[in-house]
Amino acid sequence: KDMLKFNSFNSFRKPVYLPVFQTAGSTELASTFVVEQAIAHRQAPNMDKKKEIYDKMCESIKSELCMFEAVGETWELTGWLIRQVLGPAHEEDISTVIDIISGWIEDEIIFDCMRMEQVTAISASVIAIVKTLKSGMNKRAKKPVRTSRTSRSRSPKPAMGSSLGSKDRLSTDSMKKSVSTSGLASLAMQTAGVEVEGT
């Protein structure tokens, strides 16, 4: 039941996404198919044959609506993951890389600019990153969830002894140190077998 729930995110392109198992399965099928077509494209004898292979690949992916949506979702979510991992310091670089690759796809030259035979290896690397992050989620420091009751401002309680004057605090601290020191001395002497007066 939980696997069939849809999620929506304000910062993402789509209002709803495919269930995660469906996205994963369709993306895996698409990756295998792209690798096969990339190898055929690279081995094609001329540009006409290369274009024919590429066009058929695009038509096949677009005709399978689930696969087409899964590929788009995986591309978007992978970009989001990389942004989160690398942080704002690399935001401009990530955006540049994503824009360049998107341009290659739109211009239908992605096979000429990238070795798409390696797409399964790239997928494996992304999966490894996700698994690593997931394994550390239970080890992270948990922050308490603030509710309306706990978030209400409360006047801080005065620390013990804060109502005393400075001289009183000094005398109290000195007395505590004295008691503590004499107690430790007595304990040490008793441990050594020396009888302490008053014990």
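Residues numbered from 1 in each chain as written. Predicted model: local features only at pLDDT ≥ 70, side-chain atom pairs only at ≥ 80, totals over all residues. Heavy atoms only, no water.

Caption draft 1: Local environment of the packing of aromatic side chains. Applying the stated criterion across every chain yields a total of 1 aromatic pair. When the ring of Y54 is compared with that of F111, the centres are 5.4 Å apart and the planes differ by 90 degrees; the resulting orientation is edge-to-face. Of this pair, Y54 sits in helix α2 (residues 47-63) while F111 is found in helix α5 (residues 110-113), placing the two residues 57 residues apart along the sequence. Considered together, Y54 and F111 belong to a single accessibility category, that of buried residues. (Phe/Tyr/Trp six-rings, centres within 6.5 Å; stacked < 30°, edge-to-face > 60°. Helix = DSSP H or I, 4+ residues; strand = E, 2+ residues; numbered from the N terminus. Buried < 20%, exposed > 50% of the residue type's maximum accessible area, 1.4 Å probe, protein only.)

Caption draft 2: Just the pattern of salt bridges, in detail. Scanning the entire structure with this criterion turns up 6 salt bridges. The salt bridge involving K49 is made with E52; its shortest N-O contact spans 3.9 Å. You can see K49 and its partner E52 sitting in helix α2, 3 residues apart, about one turn around the helix. Overall, the relative accessible area of 36% leaves K49 in the partly exposed class. One network of salt bridges, in which partners are shared, links R42, R115 and E117. (Salt bridge = Lys/Arg side-chain N within 4 Å of Asp/Glu carboxyl O.)

Caption draft 3: Seen up close, a nonpolar patch on the surface. Together, I82, V85, L86, I129 and L133 line one region of the surface with nonpolar side chains, adding up to about 400 Å² of accessible area. At the level of elements, α3 (65-86) and α6 (119-135) are the ones that each hand at least two residues to the nonpolar patch. Ranked by residues supplied to the nonpolar patch, first place goes to α3 with 3 residues. Along the chain, V85 falls in helix α3. (Patch = residues over 30% accessible without salt bridge, like charges linked within 9 Å, V, L, I, M, F, W, Y side chains within 5 Å. Areas by Shrake-Rupley, 256 points an atom, 1.4 Å probe, with all protein chains shown as cover.)

Caption draft 4: Examining the packing of helix α1 (residues 20-43) against α2 more closely. Contact geometry of α1 with α2 gives a least axis separation of 9 Å together with a crossing angle of 170 degrees. The angle between α1 and α2 falls in the class roughly antiparallel. Of the two possible hands of crossing, α1 and α2 adopt the one that is right-handed. Here F33, V34, Q37, A40, H41 and R42 of α1 lie close against α2, whose contacting residues are K50, I53, Y54, M57, S60 and I61. Residue composition of the contact of α1 with α2, by class: 7 nonpolar, 3 polar and 2 charged. (Axes fitted to C-alpha atoms, helices over the stretch in contact; angles between N-to-C directions. Parallel < 35°, antiparallel > 145°, perpendicular 65-115°, else oblique. Left-handed = near helix turned anticlockwise from the far one by under 90°. Contact = heavy atoms within 4.5 Å. Nonpolar A, V, L, I, M, F, W, Y, C, P; charged D, E, K, R; others polar.)

Caption draft 5: Unusual backbone geometry, seen in detail. The phi angle at E108 is positive, at roughly 60 degrees, despite the residue not being glycine. Topologically, E108 is positioned in the loop between α4 (91-106) and α5.

Caption draft 6: Focus on α3. Helix length check: α3, at 22 residues, gives a terminal C-alpha distance of 32 Å against a target of 32 Å (1.5 Å per residue), a fit within 8%. Residues M67, A70, E73, E76, T78, G79 and L81 constitute the buried set of α3. Next to the buried residues of α3 lie α1, α2, α4 and α6. Looking one or two places after α3, you find G87, whose phi comes out positive at around 85 degrees. (Expected span 1.5 Å × (residues − 1).)

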